[in-house]
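# Survey of secondary and tertiary structure
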Amino acid sequence: KTRSGHIPATLSHMSIRSMTDESEFGSLAKAVAVSAASSILSGYDQGVIAAAMLTMKADLSLSGVEQEVSIGCLNITAAVGGVLAGFAAELFGRKKAIAMANVFFLVGSFMIAFTPGFWLLLFGRMLQGVGVGFALVVAPIFTAELVPAQYRGMLVSLSDGSTNLGILLGYTAGLVFLDTPDGWRWMFGVGALPACILLGLIWLVPESPRWLVGVGRDTSAHRALNELLGDAATAERHLEDIQEAAKEQNQNEDAASWGEVFCNANPVYRTMIWRGFAIAFFSQAIGTEAVVYYSPEVVHEAGVTSVRQTLLAIMGVGFAKIFFLFVGSQLFDRVGRRPMLLTSAAGLFLSLLLMAWSCIVDDHLGAVLAIVGLCAYMGSFSIGFSPLTYVICSELFPTAVRAPAMSVALFTTRVIAGVISSSFVSLREWLTPMGAWLAFTPIAAAAFIFVFLYIPETMGHSLEEISDAFTNKTPKTKKKAEAISAPAVADGMPSDNNLSSPML
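Conventions adopted
Residues numbered from 1 in each chain as written. Predicted model: local features only at pLDDT ≥ 70, side-chain atom pairs only at ≥ 80, totals over all residues. Heavy atoms only, no water. pLDDT = per-residue confidence, 0-100. Helix = DSSP H or I, 4+ residues; strand = E, 2+ residues; numbered from the N terminus. Contact = heavy atoms within 4.5 Å. Phe/Tyr/Trp six-rings, centres within 6.5 Å; stacked < 30°, edge-to-face > 60°. Core = buried A, V, L, I, M, F, W, Y, C linked by side-chain atoms within 4.5 Å. Buried < 20%, exposed > 50% of the residue type's maximum accessible area, 1.4 Å probe, protein only. Patch = residues over 30% accessible without salt bridge, like charges linked within 9 Å, V, L, I, M, F, W, Y side chains within 5 Å. Areas by Shrake-Rupley, 256 points an atom, 1.4 Å probe, with all protein chains shown as cover. Salt bridge = Lys/Arg side-chain N within 4 Å of Asp/Glu carboxyl O. Expected span 1.5 Å × (residues − 1). Axes fitted to C-alpha atoms, helices over the stretch in contact; angles between N-to-C directions. Left-handed = near helix turned anticlockwise from the far one by under 90°. Nonpolar A, V, L, I, M, F, W, Y, C, P; charged D, E, K, R; others polar. Parallel < 35°, antiparallel > 145°, perpendicular 65-115°, else oblique.

## Examining the confidence of the model for the chain
Averaged over every residue, the pLDDT of the chain is 77; the share at 70 or more is 80%. Put simply, helix α21 (residues 478-481) is where the chain has its lowest mean pLDDT, 40, and helix α19 (residues 441-454) is where it has its highest, 93. Note that pLDDT drops below 50 for residues 1-23; the model gives that stretch 63 contacts with residues more than four away or on any other chain. Confidence drops under a pLDDT of 50 for residues 473-504, and excluding neighbours within four residues, the segment shows 87 contacts in the predicted structure.

This is the structure we're talking about:
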């Protein structure tokens, strides 16, 4: 790093010339596809309950409390699963951790499909929650450790896009099986088939080279890189970069532990970690799960009466989420992380105001405002906090503690999500529907301020470069934080947009 505080271009100039090679692209595509497919299952298990509850509540004679618990328990056990995923990803590797996620999806889906009542439903949802926790932690780590920096934002966000596609498929399953006897059982049963397929496909993709180096399996790491890059010489250069980064961190840090996650001895790493945790907190504290799980009830209360119309309405909300996520994915690695997060926070704030307004106008206008507000909320969430939360976390967390720190970030999001999804009905009764939406607006405003002041731009830099930049110059102010993304014109170095992206 130069005296002006800019990132050296040594690694950035090491381009992946062979990325156009068909064989290496196929290997990378298979790895990313398996990771994304696990995320789709994770989303399906989250979304299907909203559609299924429209009919299963009566079939199983569920009380209001049992409804809330069966919905919210997935997020609580996902928090536990996220912690376990960190251990599993470090101990067994990223591939085996993804396989474990699919086992939980498989068993949980079968339990719910054949449940005679509340308790087996609860246990099945809890197992699905553990699988969701595994998928949410391991999938973005696995993807981030495989893809080039110039594509990392788009491809890591693919995990989130896949999750949201799964949520939409869960809503769609409600419409597909609406007129089928015991249709809600089929909704959960079909989720078992993809899990079986993925359990076989996961063994056809390479393991993360970074994890392999971290556990001393350098030969296996070289084979994985060679499979990904299609060129032995290029693979050797990237292996040396990863080994050097691992050696430097081993010299400066003890082995990853919970103490290193929560109170890292290195003050710069500590700053990076806690900023990541804050982004994870804001991503759920703004009320996301209330919209995901209770959209059908919000739409119904707004004046949409039939089950079919309600399902069509929430499918529209799901499509809006997917559309804006696609739009955002085209901008993450062009516009940058910060502008997208700031736009997201501002949009969420305005959308919450719109949904609050819908609660105090007449039925027809209220229904329109409610649906528009839900779509605007999902759209705003999808262009920023939804896909970028785990992108930012995976970029800010130092390599030595990345997996356990991601587990803590996931634990944070799932616990908050669980609390909100398990209490939103009661919150609406206590504060009124309008008051419930307004309660989230100060949090959205705080999220905007936090991103503006404390989150630097990380677009286009390798994970090692980001860590190196923070190590050599702590971004205590906005000016210093933006040094990560500032062009190094003073030192005669090219701007970030002209750097060739290293393999991650």
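## Considering the packing of aromatic side chains
For the structure shown, the criterion picks out eleven aromatic pairs. The interplanar angle of 80° and the centroid separation of 5.3 Å between the aromatic rings of phenylalanine 323 and phenylalanine 324 together place this pair among those described as edge-to-face. Three or more aromatic residues link up through ring pairs in this structure, and these residues are Phe262, Trp274, Phe277 and Phe397.

## Focus on the nonpolar core
Met56, Met187, Phe188, Phe277, Phe385, Phe397 and Trp437 are the most contacted members of the largest nonpolar core, which has 114 residues in total. With twelve residues, the single largest contributor to this core is helix α4 (residues 118-144). Those residues in contact with phenylalanine 385 that lie beyond four places of it in its chain are Ile279, Phe282, Ser283, Leu341, Ser344, Ala345, Leu348, Ala447 and Val451. Counting residues in hydrophobic clusters, the runner-up holds ten residues, among them Val213, Ala221, Ala224 and Leu239.

## Some remarks on a nonpolar patch on the surface
Nonpolar side chains collect at one region of the surface, where Phe448, Ile449, Phe452, Leu453 and Tyr454 lie side by side and expose about 430 Å² of accessible area between them. Looking at the element boundaries, phenylalanine 448 is found in helix α19.

## Some remarks on the environment of valine 361
By the secondary structure assignment, valine 361 is in the loop between α15 (337-358) and α16 (363-382). In the structure, valine 361 is positioned 59 residues away from alanine 302 in sequence and 10.0 Å away in space, judged by C-alpha atoms. Not counting residues within four places of it along the chain, the set of residues in contact with valine 361 comprises Gly366 and Leu369.

## Observations concerning the side chain of serine 208
Mapped onto the fold, serine 208 is located in the loop between α7 (192-201) and α8 (209-214). The exposure class assigned to serine 208 is buried, which follows from its relative accessible area of 0%. In this view, serine 208 contacts Arg94, Phe142, Glu145 and Leu146; residues no more than four positions away in its chain are not counted.

## Focus on unusual backbone geometry
One non-glycine residue, aspartate 182, lies in positive phi territory at about 55°. Within the secondary structure, aspartate 182 sits in the loop between α5 (149-176) and α6 (183-189). A positive phi angle, close to 75°, is found at threonine 432, a residue other than glycine. With respect to the secondary-structure elements, threonine 432 resides in helix α18 (residues 402-439).

## Some details on the pattern of salt bridges
Side chains that differ in charge, positive against negative, can pair when their charged atoms come close. In this structure the tally under the stated criterion is three salt bridges. Here arginine 308 and aspartate 179 are joined by a salt bridge, their closest N and O atoms 2.9 Å apart. Linking arginine 308 in helix α14 (residues 307-329) with aspartate 179 in the loop between α5 and α6, this pair joins segments that are 129 residues apart in sequence.

## Examining helix α12 (residues 267-285)
An ideal rise of 1.5 Å per residue puts 27 Å on 19 residues; α12 measures up with 27 Å between its terminal C-alpha atoms. A positive backbone phi angle near 95° is found at glycine 287, which sits one or two residues after α12.

## Some points on the packing of helix α13 (residues 288-301) against α18
One way to put it is that α13 packs onto α18 with a least axis distance of 8 Å and a crossing angle of 35°. Helix-helix and strand crossings are classified by hand; for α13 and α18 the assignment is right-handed. Between α13 and α18, the contacting residues are Glu289, Ala290, Val291, Tyr293, Tyr294, Glu297, Val298 and Glu301 on the first element and Arg414, Ala417, Ile420, Ser421, Phe424, Val425, Arg428 and Trp437 on the second. Within the contact of α13 with α18, the residues separate by chemical class into ten nonpolar, one polar and five charged.

## Some remarks on α16
In this model, α16 (20 residues) spans 28 Å end to end at C-alpha, consistent with the 28 Å of a helix rising 1.5 Å per residue. Residues of α16 that are buried: Gly366, Ala367, Leu369, Ala370, Gly373, Leu374, Tyr377, Met378, Gly379, Ser380, Phe381 and Ser382. Of the surrounding elements, those touching the buried residues of α16 are α12, α13, α14, α15 and α17 (385-396).

## Section: the environment of histidine 222
With respect to the helices and strands, histidine 222 occurs in helix α9 (residues 218-229). Sequence-wise, histidine 222 and histidine 238 are 16 residues apart; in three dimensions their C-alpha atoms are separated by 8.8 Å. The residues contacting histidine 222, other than those within four sequence positions of it, are Ala232, Ala235, Glu236 and Leu239.

## Brief notes about the packing of helix α2 (residues 64-91) against α4
Describing two packed helices takes the angle between their axes plus the distance from one axis to the other. Interhelical geometry of α2 versus α4 gives an angle of 40° and a closest axis separation of 6 Å. Of the possible angle classes, the one that applies to α2 and α4 is oblique. In the crossing of α2 with α4, the sense of the turn from one axis to the other is right-handed. Taken together, the residues of the contact of α2 with α4 sort by class into 18 nonpolar, seven polar and two charged.

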